Amino acid sequence: MLKQILVYALILALSLIGYFVITEPIILGPTASMVIIILIALVLLYILVRTIMGSFVGRRTVFTFVAIAVILPFFMTVDQPIKVSPEVQQLYDAVMALRPGSKVLVSFDYDPPSAPELQPMAESFFALCIERDLKIIIMGLWPQGPQQADLAMQTILREEAFAGKSWKYGTDYVNLGFQSGNEFVIQRMGGEIGSMFHNDFYGTPYDSLPLVRNIKNFSNIDFSFNLSAGYPGSVEWVQVAVDRYGLKMGAGNTAVQAPQMYPYLRAGQLTGLLGGLNGAAEFEKVTGRKAKGTRFMVSQSFSHVVVIAFIIIGNAAFFLGEKRRKKPEGETS
Amino acid sequence: MEQQIGLWVGAFLTMGIISFLYKDNPWYKLTEAIFVGISAGYWFVALFWDNIVGKFWIGVFDRGDYYLLVGAVLGLLMLMRLAPKIGWISRWPLSFVVGAISGFYLLNYFSSNVMLQVQSTIMPLFSPQFNDPLFTSSAGNIISNLFIAGGTFTGLVYFFFSKEHKGAFGGAAKIGIWVIMITFGASFGYTVMSRMSLLIGRMYFIFGEWLNLIG
Amino acid sequence: MRNSRVKVNGLFFVLISVFFYSGLSAEEPLIPNPEDTTKICIPRPPTNVLATDAVYDKGNVVNLNWVPSPDDNGDGKILQYQILRRLENDSVFALIDSVIAGTAFYKDETVESGQTYQYMVVAICDGGSGPSEPSPPVTPDMEWLNFALSNIFVIGLLICGSVIYFIGKAKSGRPLFIRKIAGLEAVDEAIGRATEMGRPILYVPGIQDMDDVQTIAGLTILGRVARVVADYDTKIKVPVSRSLVMTASRETLKAAYMAAGRPDAFNENMAQYITDEQFGYVAAVDGMIIRERPATTFFLGAFFAESLILAETGNSIGAIQIGGTANPAQLPFFVAACDFTLIGEELFAASAYLSGEPRQLGSLKGQDVGKALAMIAIVLGAITTTIGQAWNFEFISAIADLLNSLFRTN
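Predicted model, so just to flag it, every value in this text is computed and none were measured. (Residues numbered from 1 in each chain as written. Chains lettered and ligands numbered in written order. Predicted model: local features only at pLDDT ≥ 70, side-chain atom pairs only at ≥ 80, totals over all residues.)

Some details on the overall build of chain B
Stated formally: Only DSSP runs of H or I with at least four residues qualify as helices, and only runs of E with at least two residues qualify as strands; both kinds are numbered from the N terminus onward. Here the globule rule is a power law, 2.2 Å times the number of residues to the power 0.38, and the radius of gyration is based on C-alpha atoms.
Secondary structure assignment for chain B yields six helices and zero strands. Counting from the amino terminus, chain B carries its helices and strands in the arrangement α-α-α-α-α-α. Relative to the globule expectation of 17 Å for 215 residues, the C-alpha radius of gyration of chain B, 27 Å, shows a markedly less compact shape. Along the first, second and third principal axes, the C-alpha set of chain B runs to 70 × 60 × 40 Å.

What to know about the overall build of chain A
Under the convention used in this document: Three exposure classes are used, all based on how many other C-beta atoms lie within 10 Å of a residue's own C-beta (placed from the backbone): buried at 20 or more, exposed at 12 or fewer, and partly exposed between those limits. Think of it this way: build a C-beta for each residue from its backbone, and any pair within 7 Å is a contact.
The number of helices and strands found in chain A is 11 helices and six strands. Dimensions of chain A, computed from the C-alpha atoms along their principal axes, are close to 80 × 55 × 45 Å. Within chain A, buried positions represent 44% of all 333 residues. When contacts within chain A are restricted to residue pairs at least 6 apart in sequence, long-range pairs at least 24 apart make up 75% of them.

Considering the interface of chain B and chain C
How big an interface is tends to be stated in terms of accessible area lost as the parts join. Rules: Residue polarity follows a fixed list, in which Ala, Val, Leu, Ile, Met, Phe, Trp, Tyr, Cys and Pro are nonpolar, Asp, Glu, Lys and Arg are charged, and the others, Gly among them, are polar.
Contacts between chain B and chain C engage 46 residues on the former and 46 residues on the latter. Secondary structure elements with two or more residues in the side of chain B that touches chain C: α2 (26-62), α4 (91-121), α5 (139-158) and α6 (167-210) of chain B. Considering each element in turn, the side of chain B that touches chain C owes the most residues, 10 residues, to α4 of chain B. Tallied by class, residues from the side of chain B that touches chain C come to 29 nonpolar, 11 polar and six charged.

Describing the pairing of strand β2 (residues 135-140) of chain A
All names here are of chain A. The cut-off we apply is this: Pairing between strands is defined by DSSP: at least two bridges between them are needed. We call a crossover right-handed when, viewed with the strands running away from us, the connection from the first strand over the helix to the second turns clockwise.
Among the six residues in β2, six count as buried, and that is most of the element. Every second residue of β2 is oriented toward a common face, with K135, I137 and M139 on one face and I136, I138 and G140 on the other, all of them buried. Pairing geometry for strand β1 (residues 103-109) and β2, over five bridges, is parallel. Within β2, the position partnered with V104 by the bridge is I136. On the question of chirality, the crossover connecting β1 to the parallel β2 by way of helix α5 (residues 115-131) is right-handed. Examined bridge by bridge, β2 and strand β3 (residues 173-178) share four bridges and lie parallel to one another. Bridging from a neighbouring strand, G140 pairs with F178 of β3.

A closer look at the sheet that holds strand β12 (residues 320-325) of chain C
Residue and element names in this part refer to chain C. To keep it simple, the criterion reads: For helices, the axis comes from a line fit to the C-alpha atoms of the stretch in contact; other axes are also lines fit to C-alpha atoms, and the angle between any two N-to-C directions lies between 0 and 180 degrees.
With parallel pairing, six strands are arranged side by side in an open sheet as β10-β9-β8-β11-β12-β13. The open sheet has two edge strands with one neighbour each: β10 (271-273) and β13 (340-343). The mean angle between the axes of side-by-side strands here comes to 15 degrees, regardless of whether they run parallel or antiparallel. Strands β8 (201-206), β9 (236-240) and β10 of the sheet are contacted by helix α5 (residues 243-259), whose axis makes an angle of about 175 degrees with β10.

Some details on the environment of K290 of chain A
Residue position: K290 of chain A is located in the loop between α10 (276-287) and α11 (292-326). Distance in space between the C-alpha atoms of K290 of chain A and R158 of chain A is 15 Å, their sequence separation being 132 residues.

Describing the interface of chain A and chain C
Across the contact, 15 residues belong to chain A and 16 residues belong to chain C. Partitioning the side of chain A that touches chain C into residue classes produces four nonpolar, eight polar and three charged.

Comments concerning unusual backbone geometry
Residues and elements named next belong to chain A. In this chain, Y231 is followed by P232 through a cis amide linkage whose omega measures -10 degrees. Residue placement: P232 occurs in the loop between β4 (223-228) and α8 (234-245). A positive phi angle, near 60 degrees, is found at D133, a position not held by glycine. By secondary structure assignment, the location of D133 is in the loop between α5 and β2. Here D133 falls in the partly exposed class, since 14 other C-beta atoms lie within 10 Å of it.

With respect to the environment of L320 of chain A
All names here are of chain A. Of note, L320 is situated in helix α11. Residues L320 and G54 lie 266 residues apart in sequence; the distance between their C-alpha atoms is 7.7 Å. Apart from residues lying up to four places away in sequence, L320 is in contact with I52 and G54.

Structural notes on the domain arrangement of chain B
For clarity, the threshold we go by: For the purposes of this description, domain bounds are those given by an automatic or database domain assignment.
Considered domain by domain, chain B is made up of domain 1 (1-60), domain 2 (67-122) and domain 3 (124-215). One C-alpha centre belongs to domain 1 of chain B, the other to domain 2 of chain B; they are set 30 Å apart.

Concerning helix α9 (residues 346-355) of chain C
Residues and elements named next belong to chain C. Burial of α9 is extensive: eight of the 10 residues sit out of reach of the surface. Of the residues making up α9, those classed as buried are E346, L347, F348, A349, A350, S351, A352 and Y353. Looking one or two places after α9, you find G356, whose phi comes out positive at around 65 degrees.

A closer look at the sheet that holds β1 of chain A
All names here are of chain A. An order of β3-β2-β1-β4-β5-β6 is seen for the six strands of this open sheet, with the pairing classed as parallel. The outermost strands of the open sheet, each flanked by one partner alone, are β3 and β6 (273-275). The sheet shows a mean angle of 15 degrees between the axes of neighbouring strands, direction not considered.

Description of the nonpolar core
Short version of the rule: We define the nonpolar core as any set of buried residues of the types Ala, Val, Leu, Ile, Met, Phe, Trp, Tyr and Cys, connected via C-beta atoms lying within 7 Å of each other.
Among the nonpolar cores identified, the biggest contains 97 residues, and V104, V106, A122, F126, I136, I137 and I138 of chain A are the most heavily contacted of them. Every residue in contact with V106 of chain A, bar those within four places of it in the chain, is listed here: F125, I136, I137, I138 and F225 of chain A. With 96 residues, the next largest nonpolar core counts I236, L331, C338 and L342 of chain C among its residues.

Observations concerning the domain arrangement of chain A
Along its sequence, chain A is organised into domain 1 (30-78 + 295-324) and domain 2 (86-290). Each of domain 1 of chain A and domain 2 of chain A has a C-alpha centre, and the two are 38 Å apart.

Thoughts on the pairing of β1 of chain A
All names here are of chain A. Judged by how many residues are buried, β1 sits mostly within the fold: six of seven residues are covered. With six bridges joining them, β1 and β4 adopt parallel strand pairing. Within β4, the residue paired with S107 across the bridge is N226.

With respect to the packing of α5 of chain B against helix α10 (residues 358-391) of chain C
Angle between the axes and distance between the axes: these two values describe a pair of packed helices. Stated precisely, the cut-off is as follows: We call two directions roughly parallel when the angle between them is under 35 degrees, roughly antiparallel when it is over 145, roughly perpendicular when it lies between 65 and 115, and oblique otherwise. A crossing counts as left-handed when the near helix is turned anticlockwise from the far one by less than a right angle, and as right-handed when that turn is clockwise.
Close contact between α5 of chain B and α10 of chain C brings their axes to 10 Å; oriented N to C, the two are set at 155 degrees. Comparing their axes, α10 of chain C and α5 of chain B come out roughly antiparallel. Along this stretch, α5 of chain B crosses α10 of chain C, giving a crossing that reads as left-handed. Contacts between α5 of chain B and α10 of chain C pair A149, T152, F153, L156 and V157 of chain B from the former with K371, A374, M375, I378, V379 and A382 of chain C from the latter.

Topic: the confidence of the model for chain A
Just so we agree on the cut-off: Predictor confidence is given residue by residue as pLDDT, running from a minimum of 0 to a maximum of 100.
Summing up the model confidence of chain A, the mean pLDDT is 91 and the portion of residues at 70 or higher is 97%. Low confidence marks residues 329-333 of chain A, where pLDDT is under 50. Its contacts with residues over four positions away, or in another chain, come to three contacts.

Structural notes on the packing of α10 of chain C against helix α11 (residues 394-406) of chain C
All names here are of chain C. Where α10 contacts α11, the two axes come as close as 8 Å, and the packing angle between them is 140 degrees. What the angle tells us is that α10 and α11 run oblique. The hand of the α10/α11 crossing is left-handed. Side by side, α10 and α11 meet where A377, L380, G381, T384, T385, I387, G388 and Q389 of the first sit next to I396, S397, I399, A400, L403 and N404 of the second. Classifying every residue of the contact of α10 with α11 gives seven nonpolar, seven polar and no charged.

Details of α5 of chain C
An α-helical segment advances 3.6 residues per turn. Residues three or four places apart therefore align on the same side. Residues and elements named next belong to chain C. Note the following rule: Any helix carries an expected span of 1.5 Å times its number of residues minus one.
The terminal C-alpha atoms of α5, which comprises 17 residues, lie 24 Å apart, in line with the 24 Å expected from a rise of 1.5 Å per residue. Of all the residues in α5, the buried ones are V245, A248, S249, T252, L253, A256 and Y257. Buried positions along α5 lie against β8, α4 (213-232), β9 and β10. Once α5 ends, the next one or two residues include G261, with phi positive near 75 degrees.

Written out as C-alpha cells, the structure is:
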C-alpha cells in the first residue's frame, strides 16, 4: 500500500513539474532524434538476442517501448513521406468535381473516443469544402457527433487561411444535430429530411435555415461524407442512402472498420474512403493542409516499427519455447 | 480556469485508466467507477431528452403527430415486464420491433451485401472492363481479380454447412479458411493502427494540451 | 416563396420572364433594351427542356432534363438555373427552386399524382436571364409495383421459400444434416475445467440489444452452457450492456436451471446490467475478469472495438476462451486471443445445432441454398464474362449478361 502511495505521489510530482516548471516546449533536433532512434533500435536488437538465448521479456517491457515510440516523435523533428492511395484520391477528386455552391451532407457518427482518428479527417474535409465554397449540412447519428462537428468547424474557422472567408451559419453551413433511430433516420431522410430534423443543433426551426429549407431529401444533396466509428455508420449509409436513394457518398472510417468498407468501395457503392489516421494524413497531403493527421503519422509509424519488432521477438520466443518443450525431460536448460 | 481544471481532471482520469497496464490498482478502480457511472447517467439523460421529450412530447403536443401515441403505447407495454403476472404482454411490442427490423434489414442486406456484391464479382478475369480484349489487364490486376473471385467462392464453400468438408469440397474450404485468415491478418493490422491512434490521441492530450510540452 | 437566396436583381429578371411568358406583357417586351446589352448580360437560354414522369414511384416525382445554356461553360457567367412550373390550366409560371450552374437535371418532388404540369428553366447571370421554351406537359402517375426490382423478388422468393421448406422439414422431424463445428466440441470441456478449478465462468453475450440476431444466438448458446453449468454446480456470471438483454439472460438462465432440475441454485444476480456505454462496459468487465479470475470465458454475440480488450484480458489470466461473432472486423482478435472461435455464420450454426430448433435449422439450410446460388453465379459469371467478351461468343455473352442483370439492384 505504501509503495502504491509513493508511486502516486511520484506521478503527481512529475505532473506538477511538467506543468509548472517546464514552461517551454521540448524540441529535439535532427541529430538528437537520429541518436534516439538508433538507441531504441539497438535495445530492440539486444532484446531479440536475449530472447534467442532463452531469456524472455514481460508484457510491461512491450508497453514501455510502445509508449516511448508513441511519445518521443512528438518532440522530434522528423518528416515522413506520405503516399496518397487511390481511394483517398477518389474522394478528393469527387469533392473537387463539385461546383461551388453544391450541397454536401456530412454525418458525424462517432464520439470523442474515436476523435484522434476521425477529427483530423473532419477538419480537412471542412477546410476543403470551405475552400471550394461548398455548402455544408452537418448531422449525427451518434449523440456526441454534432459536438465533434462543431469543434472541427470552429478549429477550421479560426485558422488564418480562412480568416478572409465570411463563412456564415445558416447560409453556408448548418448543424442539424443528433437524431436517434439509427438507420431508420436515414430511411426517413430519403423521403423528407425535415421530418427527422424539426430543429437544428441550436434549436432553430428547419424551415428558418436558408441553406436547408429548400432541401427536401437526398436528391437535393450533391455529395455526402460520412465519418463513422461503428454502428450506425458507413455500412448503414451505404445500404440505405446510397443503394436505395442513389446518394453519392464518400466515407472516413476508423481503421478498425475500414476493411469492412472495401467491398463497397470495389463495387462502386462508395466514392472514396479514408481509413484511420493513415487516411487522414493522406487526405491532408492531397489537400495540401498539413495538420494533426500528418503530425500523428510519425508516432504511428514509430509504434508500428516497434510492434513489428516485438512480433519478430514474440515469434522467436514462441518457436524456441516449442523447441524446448519437444526436447526430452532433463535436457531443458 | 474552468478549462484548466477540466484538463487536470481529464489527464488524471486518462492516467488512471492507463495505470491498468501495470496492474489493477485503486486509481484504476476509481476511474473505472467514474466512467461507468457517468456513461450510464449520460445515456439515460441523452435518451430521455431525445426520445421522450424531443420525439414523443414535442411531437405529440407541439406538432400534433398523434400516430406517435401508437409507439408510446407499445413502449408502455414493454414496461409490463416489470409486473411478473402480466409480463407476457411485453412480447407484443418486442415482436413488433423484431418484425419491423427484420423486414427492413432483409432488404438492405440482401440488396447491398448479397446482390450487389455477387454482381461485382461477376467480372472479366483477364481484362479491365467488359468488352476489352483478353489479357489487357496488368499482372497485378489479373492476380487481384483471380483472388477476389476465387476467394469469394472458396469463402462461401467454408460457410456451407450442408456438406461435410471432405475431398475436393474440403480442399476448397481449406483454401477458403486461408483466405479468411489472410483477411483477418489485414484487418488485425488495421486495428493495431487504430488502437495506436487512440493512444497517440491520449498522449497528445497529456503532453500537448495539458502539459504544453509539444512545440 | 420557397427560395429566399435569389439575388434581388435575379428575381427582378425572373419576374420579367414570368410576365413575358404569361402573355400579359406581349405588347410591351420587358427584356432589357438591346442597347444596354454591353452592360447587362443576357445569357442564351437552356434548350430541350423535357419533363418526364419518374417510373415506379408514388406519382410525386417529375424528372426534368435540359441542355444547359451555351454560355454555361464553367467561367462563372451563368450563376444558376431557376426552375419554374405551372399547372396546365394556369397562365403563370411560378418559381419553385433554383439549382447551381452546370446542372442539367432537376427532380421535382412536390408534384401531385394525376395533375398535369409544364416547366420552364431560366438561366440567370449577373443582371440578366435567359428563359427556355416551356416543356411539353407531363402528368405524374403512381405505379403499384416496381418491376425493375423483380429479379430481387425472384431470388428473395427462392431463398425465403427454401427457408420455409426446410423449417417445415425440420418440424416434421426429418433429420437435417449440419457439418461439425470445431469450436462447439470445446464447450463441455471448458465448463468442466472451471468446475475442477472451482472458479467461475464468464459469459458475455455481446454488447448489442435483442434486435441483433447475434445477441439472440449468444443467448441460445448461453441456454445450453447454463444447463451444463447447473449440472456441474459451477458459478456463472453474465454481465450485459443492455437492459433487455439482462432480462432475456435471466430468463434463459432460469429456464436452463429449471431444465437441469436445480431451480433453487438459480440466482437473478447471475446476469447483471453494467452500462450501455461501450468502453464503460469494457472497463467494468475487464475489472471483473482480473478480480474474479474466471477459468473459462465465453464471448458469443455482437462485438465491436471491445473484442480484443476483453479477449486479451481473459488471455492474460490464463482462462480458456471461446469467442464468436459475425462482425468480420472483430473476428481476427478472437482468432488470435481465444482458444476456439466461431467464425461468422458458425455462431448461428452453433446456435441452431445446439438448440435443434426447427426455425434456426431451417434458416441455416435455406441460406445454404442462397450460398449455392451465389457460388454458381460467381463461377459461371466470371467464366462466361471472360470467355464471352474475349472471343465474342454471343451465346456465352448472353449468359454473362443474364447473370449480371439477375443480380443488379437498380
